[in-house]
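Residues per chain are reported as follows:
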Amino acid sequence: MILTITLNPSMDYIYHIDHFNLGKQNRFNTPTKMPGGKGINASRTIASLNTEVLAFIFLGGTNGKIIYKELQKEKFSNYHIKIEEESRNAITIMHDNETHTEIVEKGPLISEEKKIETFNSILEIISANHINIVSVNGSVNSENEFFYNELLEVLRTKINHEIIILMDVSKEKLKNIVNKSKYRPDFIKPNLFEFGELYDKEITEKSEVIEMLKLHNIDIPYVLVSCGGDGAVAKMKNKIYDVSIPSIQLVNPTGSGDATVGGVAYSFENHFSDEEILRQAMACGVANAMESGVGVVSQENVNAISKQITIKEV
Ligand code: ADP
């Protein structure tokens, strides 16, 4: 079983419109609705690949109840900690060809008491289920600055068996993990923009990612910098790869990064080689972009796309 951790789940609403009029009234058809948050999306991908996954989440308020009810329809199980604050809404508007605009609420602050409850519950779940793969996905309130550093320390020092830790976090949290954490994750997946933020630099090209990865030796074995429709650049231990993907009929790329992380978690669970990890990760990201649902992939598409991924050492 794989464990995903999402401290900021949301109720996601995806709207489609040909042209979005900023500052004017826009009329939409009924949106696609589903529980979201990076770890929930990744869990959906893992479950689509017929692998057992448990999503650890925070839930609160009326929205929390809606999310809980909707989660009962999913193919993965969940464990939730009840919080006082309202769980979030996240709105995606697909418009003007391939543009998507997101309106995302900030997450609740985690109190010291909730933090201890969270750490204890996570440790219990991992030990009771002998979980080897833990994926920590998404944001946490900016005031909980070192929450993920503390979580890493707890996971690395309080579990008696080896675990692989994936962290899909961004902004200051990513900087804190890469630059200030004694305890290290095994894998991170910034997208192009988030990777640039790590160095306070705007990065738009794969060639710049390759240059930066060669210049800064990030002390994390697996670094996958996803580059949207351009594929990815990956550092797998001491090798760097340029990974290309086939062109597809794009439906909705929201959650492609989460599906990519789901694909990596699945790969580690199945002891894949580095090349197989990259194929599976990219195939899941691309397969997600071919569906309207977020984190949804079809096994058939994943199998077909993984054969069309090109991996070149650089
Ligand atoms: P994030 O969702 O975290 O911003 P990306 O947009 O980089 O991450 O997407 C992750 C992966 O999903 C990419 O590396 C690629 O494999 C796939 N993907 C994303 N956007 C597209 C797209 N427009 N067409 C095909 N594949 C895509």
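Above this text you will find the structure in question.
Residues numbered from 1 in each chain as written. Predicted model: local features only at pLDDT ≥ 70, side-chain atom pairs only at ≥ 80, totals over all residues. Heavy atoms only, no water.

S.K.: Before we move on, can you summarise the packing of helix α4 (residues 147-158) against helix α5 (residues 171-180) with the specific residues and values?
M.R.: Across the interface, α4 lies against α5 with an axial gap of 8 Å and an inter-helix angle of 50°. Taken as axis vectors, α4 and α5 run oblique relative to one another. In contact with Y148, N149 and L152 of α4, α5 contributes K173, N176, I177 and K180. Across the contact of α4 with α5, the residue classes break down as 3 nonpolar, 2 polar and 2 charged. (Axes fitted to C-alpha atoms, helices over the stretch in contact; angles between N-to-C directions. Helix = DSSP H or I, 4+ residues; strand = E, 2+ residues; numbered from the N terminus. Parallel < 35°, antiparallel > 145°, perpendicular 65-115°, else oblique. Contact = heavy atoms within 4.5 Å. Nonpolar A, V, L, I, M, F, W, Y, C, P; charged D, E, K, R; others polar.)

S.K.: For the side chain of T254, give the residues involved together with the corresponding values.
M.R.: Here T254 lies in the loop between β13 (239-244) and α8 (256-269). Classification of T254 by relative accessible area gives buried; the value is 12%. When neighbours within four sequence positions are excluded, T254 is seen to be in contact with T92, M94, H100, N288 and V294. (Buried < 20%, exposed > 50% of the residue type's maximum accessible area, 1.4 Å probe, protein only.)

S.K.: Residue-level account of empty space enclosed by the protein, with values.
M.R.: Under the defined criterion, the tally for this structure stands at 1 cavity of 30 Å³ or more. Around the largest cavity sit F187, Y222, V223, L224, M236, V264, I277, L278 and A281, which together line it. Taken together, the elements giving at least two residues each to the lining of the largest cavity come down to β11 (222-226) and α9 (274-289). The class makeup of the residues in the lining of the largest cavity is 9 nonpolar, no polar and no charged. (1 Å grid on protein atoms, 1.4 Å probe; cavity = no way out; pocket = protein on both sides within 12 Å on 5 of 7 lines; lining within 4 Å. Points joined across faces, edges and corners; volume = space filled by probe spheres on them.)

S.K.: Let's hear about the packing of α9 against helix α10 (residues 299-306): which residues, and what values?
M.R.: Remark: α9 packs on α10, axes separated minimally by 8 Å, with the N-to-C direction vectors making an angle of 125°. The orientation of α9 relative to α10 falls into the category oblique. The hand of the α9/α10 crossing is right-handed. Residues R279, Q280, A283, C284, V286 and A287 of α9 pack against N301, V302, I305 and S306 of α10. Looking at the contact of α9 with α10 residue by residue, the class counts come to 6 nonpolar, 3 polar and 1 charged. (Left-handed = near helix turned anticlockwise from the far one by under 90°.)

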